[in-house]
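A closer look at the structure
Spelled out from the first residue to the last, the chains are:
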Amino acid sequence: MRRQLVTGGAGFIGSNYVRHVLAHTDDAVTVLDALTYAGNEASLAGLPPERMRLVRGSITDAALVDSLVADADVVVHFAAESHNDNSLADPSPFVQTNLVGTYTLLEAVRRHGTRYHHISTDEVYGDLDLDDPARFTEATPYNPSSPYSATKAGSDLLVRAWVRSFGVRATISNCSNNYGPYQHVEKFIPRQITNVIDGVRPRLYGAGLNVRDWIHVDDHNAAVLAILERGRIGETYLIGADGEKNNREVIELILTLMGHPADAYDHVTDRPGHDLRYAIDSTKLRTELGWTPRYTSFADGLADTIDWYRGHESWWRPMKAATESKYARTGQ
Ligand code: NAD
Ligand code: TDX
């Protein structure tokens, strides 16, 4: 039985990854998660204790990380401070977790010779113009915009250096915007779904023409498992499902699917430095590893996600008021 150490496994993508691994492999999983405001034990509720254990602790704790890496066959690193808006209010935890935390993990996998997979984002490439037909590829130069994306870019570069300088057996994936169950209500799609449930009008930053390339979290995690098992060491793979939509289209679809007029939303203050467009060319992943997305209809995936938030109010309700009071400070 392979032993996976999954950092950030109590967060959105990580908790879905743990469920994906338990369903599709015989592996045992140890989750290392600091349970910050974004981590939630409830996202791992009901999983079999003989195959999944949760260790509460930080990836910046070198002694703890060393002891857990010593007991693992592979490390899959999801843990991060993940929200752009928070990074604009206070970059400090982003530097600690995303840079120092990744460095701490890399030193441990170097000592123990452990296979390592690094989860990253398409935001490291900066943004594209709205009328530019180009998409990001593995060869696109790094050009991050926010403190969040700059720390993710820095963490990717640490991984590349540890591969080249020390022979660490690592792969990197950079994925586009995820949606699906267990996503924190600070993020765009769950924030607007839960606003509509609460009778609050959705909030669109600026004109809402910014484009994101949406992928269902299960498709992201299937790609991560494929890279972990069949990816070439030292390589980077971009993950995306051809899901480009502007924010206005997304909000209108949420409102329509929830039985409200498509224009029942408000425009609020724009995000400073707001990236215009992200778009992924995932040809390398598809041709080398044979991955294809299972969610080909964004409307169907979004309808499932709306049903999930309607059915899991006890999961998101405890975070909703605190999240909205944070946004109230910036008028968003
Ligand atoms: P999330 O904020 O939902 O979860 C992050 C998890 O990391 C939380 O459980 C949190 O408690 C944990 N964590 C934070 N600091 C920690 C620390 N110091 N030590 C241990 N655990 C810590 O984030 P997410 O959306 O699930 O993102 C997971 C990863 O995927 C991140 O690396 C992010 O950059 C990347 N990513 C996210 C998206 C997206 O659309 N959400 C897209 C591409 C890549
Ligand atoms: O209330 C809102 N209104 C709004 O218009 C919020 C919260 C967001 N937005 C806009 C900003 C973005 O253009 O929606 C878009 C999506 O916003 P977020 O959900 O904050 O995601 P984004 O900033 O695109 O980053 C996400 O994708 C890449 C994840 O949060 C990152 O972790 C990932 O790396």
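This brings us to the overall build of the chain. Within the chain, the secondary structure is distributed over 11 helices and 13 strands. Relative to a compact globule of 332 residues, whose C-alpha radius of gyration would be 20 Å, the chain shows 19 Å and is just as compact. Based on the C-alpha atoms only, the size of the chain along its principal axes is roughly 55 × 45 × 40 Å. Among the 332 residues that make up the chain, the fraction classed as buried is 56%. Here the analysis covers contacts within the chain between residues at least 6 apart in sequence; of these, 81% occur between residues at least 24 apart. Counting every atom, the chain has about 13400 Å² of accessible surface; 51% of that belongs to carbon and sulfur. Charge centroids of the chain, computed over 33 positive and 43 negative side chains, lie 3 Å from each other.

Okay, the site of ligand 2 next. Around ligand 2 sit 22 residues, and of these Thr121, Glu123, Tyr148, Arg271 and His274 come closest. A distance of 2.7 Å separates an oxygen atom of ligand 2 from a polar atom in the side chain of Arg191. Within the contact set of ligand 2, an oxygen atom lies 2.8 Å away from a side-chain nitrogen or oxygen of Asn247. Against a free-state accessible area of 660 Å², the protein chains account for coverage of 94% of ligand 2. Elements supplying a minimum of two residues to the shell around ligand 2: helix H6 (188-197) and strand S8 (203-205). Taken together, the residues of the shell around ligand 2 sort by class into six nonpolar, nine polar and seven charged.

The next subject is the side chain of Lys284. Within the secondary structure, Lys284 is located in helix H9 (residues 283-289). When neighbours within four sequence positions are excluded, Lys284 is seen to be in contact with Glu138, Arg232, Glu235, Thr236, Tyr237 and Leu289.

A few words on the packing of aromatic side chains. Any aromatic ring pair is given by two values, namely how distant the centres are and how the planes are angled relative to each other. One pass over the structure, following the stated rule, counts 13 aromatic pairs. On the numbers, 5.3 Å between centres and 85 degrees between planes, the contact of Tyr125 with Tyr142 is edge-to-face. On the criterion of sequence distance, the pair formed by Tyr125 in the loop between strand S5 (115-121) and helix H5 (147-166) and Tyr142 in the loop between S5 and H5 is long-range, its members being 17 residues apart. Residue classification places Tyr125 among the buried residues on the basis of a relative accessible area of 3%.

Right, let's get into the environment of Thr296. With respect to the element layout, Thr296 can be found in the loop between H9 and helix H10 (298-311). For the pair formed by Thr296 and Ile215, sequence separation is 81 residues and the distance between their alpha carbons is 9.1 Å.

Attention now goes to the site of ligand 1. The local shell around ligand 1 holds 28 residues, among which Ile13, Asp33, Ser82, Tyr148 and Lys152 are the closest. Measuring from an oxygen atom of ligand 1, one finds a side-chain N or O atom of Asp33 at 2.6 Å. Contact distances for ligand 1 include 2.7 Å between an oxygen atom and a side-chain N or O atom of Ser82. Bound to the protein, ligand 1 loses 96% of the 840 Å² it would expose on its own. Across the shell around ligand 1, the residue classes break down as 13 nonpolar, 13 polar and two charged.

Look at Leu35: it is not a glycine, yet its phi comes out positive at around 50 degrees. With a phi angle near 55 degrees, Asp242 is a residue other than glycine that sits in the positive phi range. Checked against the element boundaries, Asp242 lands in the loop between strand S11 (236-239) and strand S12 (244-246).

This brings us to the sheet that holds strand S3 (residues 52-56). What the seven strands build is an open sheet, ordered S3-S2-S1-S4-S5-S6-S11; its pairing is parallel. The strands lining the two open edges of the sheet, one partner per strand, are S3 and S11. Recorded for the sheet is a direction-independent mean angle of 20 degrees between the axes of neighbouring strands. Strand direction decides the pairing type here: strand S1 (residues 3-7) and strand S2 (residues 28-33), joined by five bridges, are parallel.

Further remarks concern the layout of surface pockets. Counted as a void, the second largest pocket has a volume near 390 Å³. Among the secondary structure elements, those contributing two or more residues to the lining of the second largest pocket are helix H3 (84-89) and helix H11 (313-329). Residues belonging to the lining of the second largest pocket are distributed by class as follows: eight nonpolar, six polar and four charged.

Calculation rules
Residues numbered from 1 in each chain as written. Chains lettered and ligands numbered in written order. Predicted model: local features only at pLDDT ≥ 70, side-chain atom pairs only at ≥ 80, totals over all residues. Heavy atoms only, no water. Helix = DSSP H or I, 4+ residues; strand = E, 2+ residues; numbered from the N terminus. Rg over C-alpha atoms; globule rule 2.2 N^0.38 Å. Buried < 20%, exposed > 50% of the residue type's maximum accessible area, 1.4 Å probe, protein only. Contact = heavy atoms within 4.5 Å. Areas by Shrake-Rupley, 256 points an atom, 1.4 Å probe, with all protein chains shown as cover. Lys, Arg positive; Asp, Glu negative; His and termini not counted. Charge placed at Lys NZ, Arg CZ, Asp CG, Glu CD. Near = heavy atom within 4 Å. Polar contact = N/O pair within 3.5 Å; in protein donor to acceptor, adjacent residues only side chain to side chain. Nonpolar A, V, L, I, M, F, W, Y, C, P; charged D, E, K, R; others polar. Phe/Tyr/Trp six-rings, centres within 6.5 Å; stacked < 30°, edge-to-face > 60°. Pairing = 2+ DSSP bridges. Axes fitted to C-alpha atoms, helices over the stretch in contact; angles between N-to-C directions. 1 Å grid on protein atoms, 1.4 Å probe; cavity = no way out; pocket = protein on both sides within 12 Å on 5 of 7 lines; lining within 4 Å. Points joined across faces, edges and corners; volume = space filled by probe spheres on them.

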